[in-house]
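Chain by chain, the residues:
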Amino acid sequence: MLKMIRATAASCFRCSRTRVPEAARVFSKMLKGGHCKPDVVTFNTLIKGSCKMGNNEMISRGITPSVKTYTSLIQGVCDIGRWKQAIRLLNYMVSQGVFPDVVTFNVLVDTICKEGKVVEAQSVIDIMFQRHIEPTVVTYNLLMDGYCLRGEMNEAKQVFDLMVRKGSIVDVCSCNILINGYCKSKKVDQAYKVFKRMNCWELVPDTITYTTLIDGFCKVGRMQDAQKLFSEMHCGGQLPNVQTYAVLLDGLCNNQQFSTALKLLREMEGKKLELDIVIYNIIIEGLCKAGEMDSATNVFSGLSSKHIQPDVRTYTIMISGLCEGGLLSKAEKLLTEMEEKGCSPDGCTYNTIIQGFFNNNESSRATGLILEMCERGFSADASTMELIADLLLKGTVDPIIRMETTMLIYEMRASIKEFYGVIFPSLLQLQKGITDLEHTGQKRGFVPSDSEERMSWREKRRRVWNLHRGEQNKVTLPNTPTAVINCV
């Protein structure tokens, strides 16, 4: 359907300029309908056609595109990540005698910094000076944020100091960017110094300022400072929002202060804040990681009375906690229950419960879940693959389980990196080859030869079991990659 609509739009642009509005209407229906979402090619087609039509129409009417026209086009190209095309468009507009203004340059600086190319962004600012265009606070903020994203805090601070020397150019956003950069780099004391100096610049910290710094204190385990700042926030006239509470709640849980965390949760509920499942996931995960499964279950069970629906992450967190506590039957029951309540497990859910069964020496049940995961089109992550490799290396494991797990590897959709990083080295350490097993299997019809199509997994599995129930002592495992490489 998407290809058909995309082709329709493209044909509109190729056939006639006057059909661009028709394509735009098709595009509008895609957005409103929701059943067929436009992708990057769709956007590119519409932008390209609109640009051509716009330029041609303007020129035919004797109207020269203005700097705003080109800036809008550059913004559109940048929004889809084509900053090199934006540079070419900038050069073109200059060749047409239309010179970019500060807004045009800011669009370029923003896009280039987000690509991590801060040196190139600095070059754009140098061009601004050459053209006698004074960078604004927005320009410097974008450049400073670019340095912060790269963790280059000395360079970010130099930009900030330059802004301070220029007078009243620094704003609250400037401080927030620098504070956030310091916090991400675990340099909370430097962040706090910027916070304390805001008064000298006659700037009032906003909710973002407080939330960012509270998060920074939490991340380095300085919960007393975080809670003190949270209290000062009220005194400063800034009301914490849900994000502020979430940051503090997460910090309390990560630092094992669960009684305070639960008290804060009750406070949030008492203030009638619009809490969503994300808030409850934070507290449930913290309790599960600490082994406080009774408390976690109580919070989880109370969600329905609050008319909050658990999401796939909520169930995955609970399943992980139950597995860690050895409560495998409850974990398996919850896996079934989530589907019954309309929440389908994802790859993370399956990997979590499979690892839980492996870690509790329930290899047979784990193997069954691997099969279920494969049938649903999910992949094993690196941790699951490592556990499978460990299972194959154990000589004490039931041969049937070892054989079944080996066959499952054929069906795993692991990446090349995971395969060669975990499974392949493990298989090379095994003592016996799979060559005899393959020959025997081809004679009996359960392993496909090069000329025959691979049979369904269920049929293959049934034949494997029938073949080896009477010949368990003859089961061998691969010591060469030839039988396994085709599964990747």
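The model shown is predicted, which means the values in this text are computed figures rather than measured ones. (Residues numbered from 1 in each chain as written. Predicted model: local features only at pLDDT ≥ 70, side-chain atom pairs only at ≥ 80, totals over all residues. Heavy atoms only, no water.)

A. Examining the overall build of the chain more closely. Check the secondary structure of the chain and you find 26 helices and zero strands. Here the chain holds 488 residues, and 45% of them are scored as buried. Taking as baseline every contact in the chain between residues at least 6 positions apart, the subset at least 24 positions apart corresponds to 61%. On the chain, roughly 25,900 Å² of surface is accessible, and the fraction owed to carbon and sulfur atoms is 50%. (Helix = DSSP H or I, 4+ residues; strand = E, 2+ residues; numbered from the N terminus. Buried < 20%, exposed > 50% of the residue type's maximum accessible area, 1.4 Å probe, protein only. Contact = heavy atoms within 4.5 Å. Areas by Shrake-Rupley, 256 points an atom, 1.4 Å probe, with all protein chains shown as cover.)

B. Looking closely at helix H17 (residues 293-301). Three or more residues of H17 are buried, namely Met293, Ala296, Val299 and Phe300. One face of H17 carries all of its buried residues, which in axial projection span an arc of 125°. Along H17, exposed side chains directed more than 90 degrees from the buried face belong to Asp294 and Asn298. (Arc of directions from axis to C-beta.)

C. Seen up close, unusual backbone geometry. For Lys272, which is not a glycine, the phi torsion comes out positive at approximately 60°. Inspection of the secondary structure puts Lys272 in the loop between helix H15 (258-270) and helix H16 (277-289). Owing to a relative accessible area of 71%, Lys272 belongs among the exposed residues under this scheme.

D. Region of the structure containing the packing of aromatic side chains. Tallying each qualifying case throughout the model produces eight aromatic pairs. Judged by centre distance (5.7 Å) and plane angle (25°), the rings of Tyr192 and Phe195 are stacked. In this pair, Tyr192 and Phe195 are both assigned in helix H11 (residues 188-197), three residues apart and thus about one turn of the helix distant. For Tyr192, a relative accessible area of 27% corresponds to the partly exposed category. Between the aromatic rings of Phe300 and Tyr315, the centroid separation amounts to 5.7 Å while the plane-to-plane angle is 75°, which identifies the pairing as edge-to-face. (Phe/Tyr/Trp six-rings, centres within 6.5 Å; stacked < 30°, edge-to-face > 60°.)

E. Representation of the nonpolar core. Core analysis: the largest hydrophobic core is formed by 100 residues, its most contacted members being Met144, Leu213, Leu248, Ile283, Ile284, Ile353 and Ile354. Per-element accounting of this core gives the leading share, eight residues, to H16. When residues no more than four places from it in sequence are discounted, the contact partners of Ile354 are Ala366, Leu369, Ile370, Met373 and Thr384. (Core = buried A, V, L, I, M, F, W, Y, C linked by side-chain atoms within 4.5 Å.)

F. The confidence of the model for the chain, seen in detail. When pLDDT is averaged along the chain, the result is 76; 67% of the residues meet or exceed 70. Throughout residues 1-17 the model reports pLDDT below 50, and contacts reaching past four residues in sequence, or to other chains, amount to 29 contacts. Here residues 427-439 scores under 50 on pLDDT; set against residues more than four positions off or in separate chains, the count is 33 contacts. (pLDDT = per-residue confidence, 0-100.)

G. Quick look at the packing of helix H9 (residues 153-165) against helix H10 (residues 172-184). At their nearest, the axes of H9 and H10 sit 11 Å apart, and the two run at 160° to each other. Considered as vectors, H9 and H10 are oriented roughly antiparallel to each other. You can see that H9 and H10 cross each other, and the crossing is left-handed. Contacts between H9 and H10 involve Met153, Ala156, Lys157, Phe160 and Met163 from the former and Ser174, Cys175, Leu178, Gly181 and Tyr182 from the latter. Residue classes in the contact of H9 with H10 are distributed as seven nonpolar, two polar and one charged. (Axes fitted to C-alpha atoms, helices over the stretch in contact; angles between N-to-C directions. Parallel < 35°, antiparallel > 145°, perpendicular 65-115°, else oblique. Left-handed = near helix turned anticlockwise from the far one by under 90°. Nonpolar A, V, L, I, M, F, W, Y, C, P; charged D, E, K, R; others polar.)

H. View of H15. Relative to the 18 Å expected for 13 residues at 1.5 Å per residue, H15 spans 18 Å between its end C-alpha atoms, a close match to the ideal helical length. Within H15, burial applies to Phe258, Ala261, Leu264, Leu265 and Met268. With its buried residues spanning 120° around the axis, H15 presents them on a single face. Away from its buried face by more than 90 degrees, H15 exposes Ser259, Lys263 and Gly270. Where the residues of H15 are buried, they touch helix H14 (242-254) and H16. After H15 finishes, the residue Lys272 shows a positive phi value of roughly 60°. (Expected span 1.5 Å × (residues − 1).)

I. Up close: the pattern of salt bridges. Enumeration over the complete set of coordinates arrives at 15 salt bridges. A salt bridge links Asp225 to Arg222; its shortest N-O distance comes to 2.9 Å. When its relative accessible area of 29% is taken as the criterion, Arg222 is described as partly exposed. One network of salt bridges, with partners in common, ties together Asp189, Arg222 and Asp225. (Salt bridge = Lys/Arg side-chain N within 4 Å of Asp/Glu carboxyl O.)

J. Summary view of the side chain of Gln238. Inspection of the secondary structure assignment puts Gln238 in the loop between helix H13 (223-235) and H14. Within the structure, the side chain of Gln238 is placed 3.3 Å from the backbone oxygen of Pro205, a separation counted as a polar contact. Leaving out residues up to four positions away in the same chain, Gln238 has contacts with Val204, Pro205, Asp206, Thr207, Tyr210 and Met233. (Polar contact = N/O pair within 3.5 Å; in protein donor to acceptor, adjacent residues only side chain to side chain.)

K. Molecular detail of the packing of helix H19 (residues 328-340) against helix H20 (residues 347-359). H20 packs onto H19 with a crossing angle of 160° between their chain directions and a minimal axis gap of 10 Å. Looking at the two axes, H19 sits roughly antiparallel to H20. In terms of crossing hand, the pair formed by H19 and H20 is left-handed. Taking contact as the criterion, the partners of Leu328, Ala331, Glu332, Leu335, Met338 and Glu339 in H19 are, on H20, Thr349, Tyr350, Ile353, Gly356 and Phe357.

L. Spotlight on the environment of Ala246. Relative to the elements of secondary structure, Ala246 occurs in helix H14. On the basis of relative accessible area, Ala246 is assigned to the buried category, the value being 10%. Sequence separation between Ala246 and Ile282 is 36 residues, and the spatial gap between their C-alpha atoms is 7.6 Å. Every residue in contact with Ala246, bar those within four places of it in the chain, is listed here: Ile279 and Ile282.

M. Representation of the environment of Asp225 within the structure. Within the secondary structure layout, Asp225 lies in helix H13. Asp225 sits in the partly exposed class, given a relative accessible area of 29%. With 12 residues separating them along the chain, Asp225 and Leu213 place their C-alpha atoms 9.7 Å apart.

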